[in-house]
Amino acid sequence: QVQLVESGGGLVQAGGSLRLSCVVSGRTFSSMSMGWFRQAPGKGREFVAGITRIFGTYYADSVKGRFTISRDNAKNTVYLQMNSLRPEDTAVYYCAADEGRVIFITPHQYDYWGQGTQVTVSS
């Protein structure tokens, strides 16, 4: 049974930073591609960033230059460092895992999901 557990969300002022973590268990983490998605109230789930098993990365245009995705295979953990946060970044953030080799930007292509962590950015 695969489990993804996110942490690190919270309330921060605009311009501030947060680091999200997602710990994966139940599969060989190093063989998985990982993604971060977010969902704001009344909106669909949107791709934020992804990282492959060989550390290739890809970002949504809206977060490029502000967010950084990384992984630590020794800790079975993927991170999302979020800097220069804006009120429009407010959402529930989810991590997702896929056993393929590429980064998918559509949610339905991911096999496993975490429960989400709330990020709120005040103006």
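Residues numbered from 1 in each chain as written. Predicted model: local features only at pLDDT ≥ 70, side-chain atom pairs only at ≥ 80, totals over all residues. Heavy atoms only, no water.

1. With respect to the overall build of the protein
Alright, step 1. A tally of regular secondary structure across the protein gives zero helices and eleven strands.
Alright, step 2. Its helices and strands taken in sequence order, the protein reads β-β-β-β-β-β-β-β-β-β-β from the N to the C terminus.
Alright, step 3. Over its C-alpha trace the protein gives a radius of gyration of 13 Å, about what one expects of a compact globule, namely 14 Å for 123 residues.
Alright, step 4. Viewed in the frame of its principal axes, the protein has a C-alpha envelope of about 40 × 30 × 25 Å.
Alright, step 5. When each of the 123 residues of the protein is scored for burial, the buried share is 42%.
Alright, step 6. Contacts in the protein between residues at least 24 apart in sequence constitute 59% of all its contacts with a sequence separation of at least 6.
Alright, step 7. Surface accessibility of the protein: about 6,100 Å² in total, with carbon and sulfur atoms responsible for 49%.
Alright, step 8. The positive charge centre, built from 12 side chains, and the negative charge centre, built from 9, are 3 Å apart in the protein. (Helix = DSSP H or I, 4+ residues; strand = E, 2+ residues; numbered from the N terminus. Rg over C-alpha atoms; globule rule 2.2 N^0.38 Å. Buried < 20%, exposed > 50% of the residue type's maximum accessible area, 1.4 Å probe, protein only. Contact = heavy atoms within 4.5 Å. Areas by Shrake-Rupley, 256 points an atom, 1.4 Å probe, with all protein chains shown as cover. Lys, Arg positive; Asp, Glu negative; His and termini not counted. Charge placed at Lys NZ, Arg CZ, Asp CG, Glu CD.)

2. Some remarks on the environment of Val23
Alright, step 1. Considering the arrangement of structural elements, one finds Val23 in strand β3 (residues 18-25).
Alright, step 2. Taking relative accessible area as the criterion, Val23 reaches 40% and is therefore assigned partly exposed.
Alright, step 3. It is 13 Å that separates the C-alpha atoms of Val23 and Thr117, two residues lying 94 residues apart in sequence.
Alright, step 4. Aside from chain neighbours lying at most four places away, what touches Val23 is Gln3, Leu4, Val5, Lys75, Asn76 and Thr77.

3. Quick look at the packing of aromatic side chains
Alright, step 1. Applying the stated criterion across every chain, the model contains seven aromatic pairs.
Alright, step 2. Measuring from ring centre to ring centre gives 6.1 Å for Tyr110 and Trp113, while their planes differ by 65 degrees; the resulting arrangement is edge-to-face.
Alright, step 3. Following the ring pairs from residue to residue traces out a cluster consisting of Phe37, Phe47, Tyr58, Tyr94, Phe104, Tyr110 and Trp113.
Alright, step 4. Its guanidinium or amino end placed over the ring of Tyr94, Arg45 lies 3.7 Å from that ring's centre, counting from NZ or CZ. (Phe/Tyr/Trp six-rings, centres within 6.5 Å; stacked < 30°, edge-to-face > 60°. Lys NZ or Arg CZ within 6 Å of the ring centre and 35° of its normal.)

4. Let's talk about the nonpolar core
Note that soluble globular proteins tend to have their nonpolar side chains buried in a common cluster.
Alright, step 1. Ranked by internal contacts, the top residues of the largest apolar core, which has 34 residues, are Leu4, Met34, Trp36, Leu80, Met82 and Tyr93.
Alright, step 2. Looking at this core, the elements with two or more residues in it are β3, β4 (33-39), β5 (46-51), β7 (67-72), β8 (77-82), β9 (91-98) and β11 (117-122).
Alright, step 3. If you tally residues by element for this core, the top one is β9, at five residues.
Alright, step 4. Residues in contact with Met34, not counting those within four places in the same chain, are Leu4, Val24, Phe29, Ala49, Gly50, Ile51, Ile69, Arg71, Val78, Ala96, Ala97 and Tyr110. (Core = buried A, V, L, I, M, F, W, Y, C linked by side-chain atoms within 4.5 Å.)

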